[in-house]
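A structural walkthrough
For reference, the chains in residue letters:
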Amino acid sequence: MNHLLELQDLQVEFRTRDGVAHVLNGVSCHVDAGETLALLGESGSGKSVTAQAIMGILDIPPAAVRAGRILFEGRDLLALPERERRAVRGQGIAMVFQDALSALNPVFTVGWQIAEALRVRTGLDRKAAARRAIDLMERVKIPDAAARVHDYPHQFSGGMRQRVMIAMALALDPKVLIADEPTTALDVTVQAQIMDLLLELKNERGMALILITHDLGVVAQVADRIAVMYAGRIVEQASVHDLYPRPAHPYTRALLQSMPRQHRTDQPLTTIQGLPPNLLRIPPGCPFNPRCPIALDLCREVIPPLITLEGGRLSACHRTREVLDGSA
Amino acid sequence: MAAPDLDAPVAPLLEVRNLVKYFPIERGALLRRAAGQVKAVDGVSFQLARGETLGIVGESGCGKSTLARMLVRLETPTAGEALLDGRDIFAMRGEELTSLRRNMQMVMQDPYTSLNPRMTVGDIIGEPFEIHPDVVPRGARAARVRELLDLVGLSPEHIDRYPHQFSGGQRQRIGIARALALDPKIVACDEPVSALDVSIQAQVINLLEQLQARLGLALIFIAHDLSVVRHISDRVAVMYLGRIAETGPVEDIYNFPTHPYTQALLSAAPVADPARRDQSHVIRLEGDVPSPANPPSGCRFRTRCWKADERCAREEPQLAPSRGADAPGQLAACHYAAVSSTTG
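Residues numbered from 1 in each chain as written. Chains lettered and ligands numbered in written order. Predicted model: local features only at pLDDT ≥ 70, side-chain atom pairs only at ≥ 80, totals over all residues.

Attention shifts here to the overall build of chain B. Across its full length, chain B holds ten helices and twelve strands. Radius of gyration (C-alpha) of chain B: 21 Å, near the 20 Å computed for a compact globule of 344 residues. Its C-alpha atoms put chain B at 65 × 60 × 45 Å along the principal axes. By the burial criterion, 46% of the 344 residues in chain B qualify as buried. Counted over contacts in chain B with a minimum sequence separation of 6, partners at least 24 positions apart contribute 65%. (Helix = DSSP H or I, 4+ residues; strand = E, 2+ residues; numbered from the N terminus. Rg over C-alpha atoms; globule rule 2.2 N^0.38 Å. Buried ≥ 20, exposed ≤ 12 C-beta atoms within 10 Å, placed from the backbone. Contact = placed C-beta atoms within 7 Å.)

Dropping the structure here:
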């Protein structure tokens with residue numbers, strides 16, 4: 001059976017003054033209707049570039065897709081002419097960006113911006129599009145939508161601006177919604193409201209939700225499956241219920257251990273030594289090997305493949321079975 | 001991180017009394033006239049003991065950064081005092097002020113903008129010695145900078161490098177070394193790890209804890225990340241719209257919060273455990289934080305509070321013991337403060 005959206009061996013590089021940065025090095029994953037997939041990683045892991053590649057909004061050049069396929073409803077988006085690709089954007093796959101203040105245009109009202117896609121893409125007239133914008137604002141729970149439709153982005157709080165972004169993304173009723181760090185710029189109490197709203201909309205419309213984040217807490221609360229990225233690869237993929245209690249990759253395990261405990265201890269936090277690799281010079285073998293506490297000589301020479309373990313979970317580590325059963 | 005001895009009546013290192021900071025709002029390009037005030041900090045009092053860590057948590061606009069900036073005298077308060085070893089820091093002038101600046105240092109949030117890109121690391125960390133030449137004799141400064149680099153876990157050989165040659169975590173170490181250069185008594189850290197990745201955060205938090213134990217520093221640790229604050233703090237103050245909503249020893253506050261805002265804030269923080277997804281009794285606050293230019297009458301939290309009634313609109317609650325003899329150090333500013341049955 002075809003997945004709604006499937007990435008196969010996606011490879012993206014950026015040509016920079018200092019050389020070629022290998023940003024995505026063979027990313028494969030999929031998401032189905034009604035499902036929430038979290039792409040988790042630190043800065044430079046490639047999670048946002050993955051989203052941009054799916055949306056077709058990479059800056060080419062300096063970026064270049066070297067290999068791979070992005071299958072949406074069975075069609076390879078990378079092989080589509082730009083005109084057809086544009087039809088998928090918004091209607092098929094839509095995106096909510098991290099920083100709503102810079103993603104919105106300051107000189108147009110939010111109503112105009114929400115309605116823009118409707119006017120251009122569905123041919124609704126101005127009045128009908130404006131009415132639909134108010135419906136959408138009500139749906140994302142912006143109080144007093146009929147009046148606020150005429151306000152400008154700066155007149156909204158951070159949480160309300162993120163709701164406007166979500167309303168824009170929903171305008172064309174997409175099948176896949178990508179949310180790139182949608183709550184990172186928001187306060188804790190507002191973050192909870194926005195995550196609730198995203199999940200509610202996903203369930204109501206049967207959308208697939210791809211949540212891009214670095215926050216292990218948010219992922220644990222909302223995702224079905226999680227793909228952990230490191231240096232442009234997925235190093236582990238599993239259901240959240242399998243992954244948190246028993247990580248199969250030393251990087252995932254170290255990330256979970258480096259979070260402060262629920263209860264206060266006087267023990268120092270567990271840290272991951274060193275830094276993520278420079279994408280211009282990724283070390284040979286496993287990209288995590290210089291920071292890995294259990295690396296072998298093999299890990300410095302051979303890139304571990306992503307192998308399937310019990311329950312369908314995936315891990316790319318030469319010692320994954322030992323990590324999983326706790327013996328390494 | 002020795003807990004302060006409650007039995008010994010020791011004078012606190014720092015005592016802040018009723019600190020207030022209003023920023024004027026001006027209208028008009030030509031004839032500027034005052035059109036109101038942003039009440040960023042509006043009557044904050046607390047004490048800090050030697051070697052202690054006070055965590056300050058709250059959402060954006062609650063005044064936590066303004067508070068820190070006043071304590072290092074980057075901002076002048078509208079009213080109130082802060083006594084360091086019994087002397088009001090806001091009354092200090094001249095030499096006394098210079099020596100105050102030695103004793104209170106700050107680590108900034110953003111390691112990318114708080115270091116001058118055109119200065120070497122050695123010049124950045126050594127710059128405090130230009131202003132306080134008596135701390136280290138000129139000839140010994142380079143050696144002291146190397147010592148400081150080593151202290152924060154950077155290689156002393158990197159003294160001639162520029163900030164852009166370092167990663168975010170390393171830059172924050174440079175900021176910490178600069179704050180420690182003058183051997184201060186108090187370091188205020190304003191969101192020191194929020195710009196860093198999770199794996200790097202832990203390194204910087206461990207470093208701060210080590211340094212504190214080794215140097216006997218008192219820390220004021222400002223953050224919005226509740227689990228980080230819990231890890232590092234001895235006591236916590238929860239701020240809302242310019243005032244302290246609740247304060248006390250860290251485990252009392254986290255296990256038995258009594259102010260509705262503290263309860264909501266703690267319950268909204270996502271727990272990194274999918275098994276606790278459905279069991280957590282999450283309190284969902286409605287709406288956003290009101291504008292500090294026009295805070296609600298009475299209790300500032302009442303517009304989002306499920307316990308609020310007309311008394312809360314009328315009378316502003318003051319900090320008072322909220323759990324009696326169970327936790328004498330725990331204070332909450334709420335007419336209806338109580339441990340909730342769903343939290344803790």
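Past the structure itself, the notes keep going.
All right, on to the interface of chain B and chain A then. Contacts between the two partners involve 33 residues from chain B and, on the opposite side, 33 residues from chain A. Of all the secondary-structure elements, those providing two or more residues to the side of chain B that touches chain A are α6 (198-215), α7 (226-232), α8 (250-255) and α9 (260-268) of chain B. By residue number, the principal contributor to the side of chain B that touches chain A is α6 of chain B, which donates seven residues. The residue inventory of the side of chain B that touches chain A, partitioned by class, reads 16 nonpolar, eight polar and nine charged. (Nonpolar A, V, L, I, M, F, W, Y, C, P; charged D, E, K, R; others polar.)

Quick look at unusual backbone geometry now. Residues and elements named next belong to chain A. For the bond running from isoleucine 60 to proline 61, omega is -20°, close enough to zero to count as cis. The amide bond that connects proline 61 to the next residue, proline 62, takes the cis arrangement and shows omega of 10°. Relative to the assigned elements, proline 62 resides in the loop between α1 (47-55) and β4 (63-72).

Moving on to the sheet that holds strand β10 (residues 243-249) of chain B. All names here are of chain B. One open sheet holds the eight strands; their spatial order is β6-β7-β8-β3-β9-β10-β12-β11, and the pairing between them is mixed. Lying at the two open borders of the sheet, with one neighbouring strand each, are β6 (104-107) and β11 (320-321). The sheet contacts of helix α5 (residues 168-180) involve β6 and β7 (186-190), and relative to β6 the element is tilted by about 175°. (Pairing = 2+ DSSP bridges. Axes fitted to C-alpha atoms, helices over the stretch in contact; angles between N-to-C directions.)

In this structure, aspartate 9 of chain A sits in strand β1 (residues 5-16). In this structure, the C-alpha to C-alpha distance between aspartate 9 of chain A and isoleucine 70 of chain A, residues 61 residues apart in sequence, is 8.9 Å.

Turning next to helix α5 (residues 126-139) of chain A. Given 3.6 residues to a turn, an α-helix orients residues that are three or four positions apart in the same direction. Taking 1.5 Å per residue, 14 residues should reach 20 Å; α5 of chain A reaches 20 Å between its end C-alpha atoms and fits that length. Phi turns positive, to about 65°, at lysine 141 of chain A, one or two residues after α5 of chain A. (Expected span 1.5 Å × (residues − 1).)

The next point concerns helix α7 (residues 158-170) of chain A. Compared with the 18 Å implied by 1.5 Å per residue over 13 residues, the 19 Å span of α7 of chain A between its first and last C-alpha is a close match. The buried fraction of α7 of chain A amounts to 13 of the 13 residues, a majority that puts the element mostly inside the structure.

A few words on the nonpolar core. Among soluble globular proteins, nonpolar side chains are generally buried collectively. Counting residues in hydrophobic clusters, the biggest one holds 197 residues, and the most contacted among them are Ile178 and Ile210 of chain A together with Ile220 of chain B. A total of eight residues in this core trace back to one element, the largest contributor, which is α7 of chain A. (Core = buried A, V, L, I, M, F, W, Y, C linked by C-beta atoms within 7 Å.)

Another point: the environment of alanine 33 of chain A. All names here are of chain A. As for its placement among the helices and strands, alanine 33 is situated in the loop between β2 (19-31) and β3 (36-40). Residue classification places alanine 33 among the partly exposed residues on the basis of 14 C-beta atoms within 10 Å. Along the sequence, alanine 33 and arginine 321 sit 288 residues apart, while their C-alpha atoms lie 31 Å from each other. Here alanine 33 is in contact with Leu4, Lys175, Gly206 and Ala208, once residues within four sequence places are set aside.

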